[in-house]
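Listed here are the chains, written in short residue letters.
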Amino acid sequence: MMLPRPSLPCQPPLYARSGYAQTLLGNYLRMPKQSVVGARTEIVLPDGDKLVARVFAPQKERARPVVLAVFHGLGGHIDRPYMKRVVDLGLARGCEVWAVNHRGCGEGRGLARGIYHSGVAPDLGQVFAAIRRSRPGARIIGVGFSLSANAILLTMGRGVDGIAELPDAAIAVNPPIDLGRCAELICAPHHVVFNLYFLRGCMRHVREREADGLIEPGRYPVSLRMSLKEFDDAVTAPMGGFASRHDYYARASALPHLAQIERPTVILHAEDDPFIDPADFGRARYGPGVHLHLERYGGHLGYVGEGLPYLRWLDYGMGHYLDELLSVVA
């Protein structure tokens with residue numbers, strides 16, 4: 001699938017011309033305050049765990065029969081700035097927006113014994129099925145960031161068993177489509193800050209489950225001296241039902257399944273992402289539904305660009321592709 005690209009590329013200011021700067025600044029730049037409050041809803045998964053989402057309704061006079069389902073990255077939740085901004089983008093276009101916390105994240109703490117990881121396509125499928133029941137006849141656009149971007153590509157390519165429902169279209173932002181390669185880059189010595197950042201978030205989820213009585217204390221020994229790869233061996237693989245981290249990386253990576261994607265799917269990625277190798281996208285085979293957009297600058301979910309409100313090129317690019325997909329599916 002070929003879609004028009006946004007007219008403006010991401011033009012970073014001089015102080016944000018590296019993937020590291022882009023990634024860090026993207027988390028801390030100012031943004032407008034979100035004034036709307038979503039209605040809390042729970043999605044019950046087949047194993048009894050629950051996901052908590054917030055459902056944001058557009059103004060009645062602007063409403064259209066489209067639902068945007070948005071999923072956050074590793075260590076995140078629905079209150080992350082990029083999540084709030086995409087809620088605003090959807091509402092501005094008359095879409096109902098479901099912002100979804102993965103297992104145990106945000107308001108979902110204490111409601112999930114299991115964990116989330118890059119292969120949780122079945123969880124996403126359950127969310128899409130819940131939306132179909134709630135809004136029969138509506139079109140669904142799924143949006144995933146980072147970890148969830150890989151998961152949504154797995155979903156669109158039916159790369160794992162047990163997917164209940166697919167969205168009508170999707171946007172995947174900075175997806176780690178080769179998890180093994182991504183883990184190697186995150187754990188490289190010059191990326192120690194990123195390794196520690198992600199590790200702290202992962203450890204927090206383990207400690208919270210211990211404190212909430214969901215897992216036995218000490219069953220999964222973790223420490224800040226670990227690498228993310230070691231955490232995946234010690235926690236992600238056994239809790240996620242994988243034989244090892246290598247089994248997890250092989251089975252949960254979207255790369256081998258991109259060729260099976262038929263529904264409209266935008267992959268938006270930055271070539272200077274510090275821990276996702278752009279070469280992964282060059283060696284991939286793509287199905288007829290995929291539109292690949294590689295931006296020169298952007299880092300990992302940064303996209304700091306001059307000449308745009310709050311320097312947020314990602315909002316501009318996402319808005320462009322939302323408009324394109326709405327013209328296709330709505």
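Please read all numbers here as calculations on a predicted model, not as lab measurements. (Residues numbered from 1 in each chain as written. Predicted model: local features only at pLDDT ≥ 70, side-chain atom pairs only at ≥ 80, totals over all residues. Heavy atoms only, no water.)

J.: Give a description of the overall build of the protein that names residues and reports values.
T.: A count of helical and extended segments in the protein gives 10 helices and eight strands. At 19 Å, the protein has a C-alpha radius of gyration in line with the 20 Å of a compact globule built from 330 residues. Overall, the C-alpha framework of the protein stretches about 50 × 45 × 40 Å when taken along its three principal axes. When burial is assessed residue by residue, the protein has 60% of its 330 residues classed as buried. Summarising the internal contacts of the protein: among those between residues at least 6 apart in sequence, 78% fall at separations of at least 24. For the protein, the accessible surface area stands at approximately 13,600 Å², while carbon and sulfur atoms represent 52% of it. Measuring between centres, the 37 positive side-chain charges of the protein sit 4 Å from its 33 negative side-chain charges. (Helix = DSSP H or I, 4+ residues; strand = E, 2+ residues; numbered from the N terminus. Rg over C-alpha atoms; globule rule 2.2 N^0.38 Å. Buried < 20%, exposed > 50% of the residue type's maximum accessible area, 1.4 Å probe, protein only. Contact = heavy atoms within 4.5 Å. Areas by Shrake-Rupley, 256 points an atom, 1.4 Å probe, with all protein chains shown as cover. Lys, Arg positive; Asp, Glu negative; His and termini not counted. Charge placed at Lys NZ, Arg CZ, Asp CG, Glu CD.)

J.: So what's going on with the packing of helix H5 (residues 179-186) against helix H8 (residues 245-252)? Which residues, and what values?
T.: Across the interface, H5 lies against H8 with an axial gap of 8 Å and an inter-helix angle of 125°. Classed by the angle they form, the pair H5 and H8 counts as oblique. Packed against H5, whose contacting residues are Leu179, Gly180 and Ala183, the element H8 presents Tyr248, Tyr249 and Ala252 at the interface. (Axes fitted to C-alpha atoms, helices over the stretch in contact; angles between N-to-C directions. Parallel < 35°, antiparallel > 145°, perpendicular 65-115°, else oblique.)

J.: Any details on the sheet that holds strand E2 (residues 50-56)? Residues and values, ideally.
T.: Reading across from one edge, E1-E2-E4-E3-E5-E6-E7-E8 is the order of the eight strands in this open sheet, with mixed pairing throughout. Among the strands making up the open sheet, the edge pair consists of strand E1 (39-44) and strand E8 (290-295). Taken over all neighbouring pairs, the strand axes of this sheet differ in orientation by 20° on average, direction set aside. Looking at chain direction, E2 and strand E4 (residues 96-100) are connected through four bridges and run antiparallel. Within E4, the residue paired with alanine 53 across the bridge is valine 100. Packed onto the sheet, helix H2 (residues 81-92) meets E2, strand E3 (66-71), E4 and strand E5 (139-145) and runs at close to 165° relative to E4. Packing against the sheet, helix H3 (residues 121-134) makes contact with E1, E2, E3, E4 and E5, and its axis sits at approximately 155° to E3. (Pairing = 2+ DSSP bridges.)

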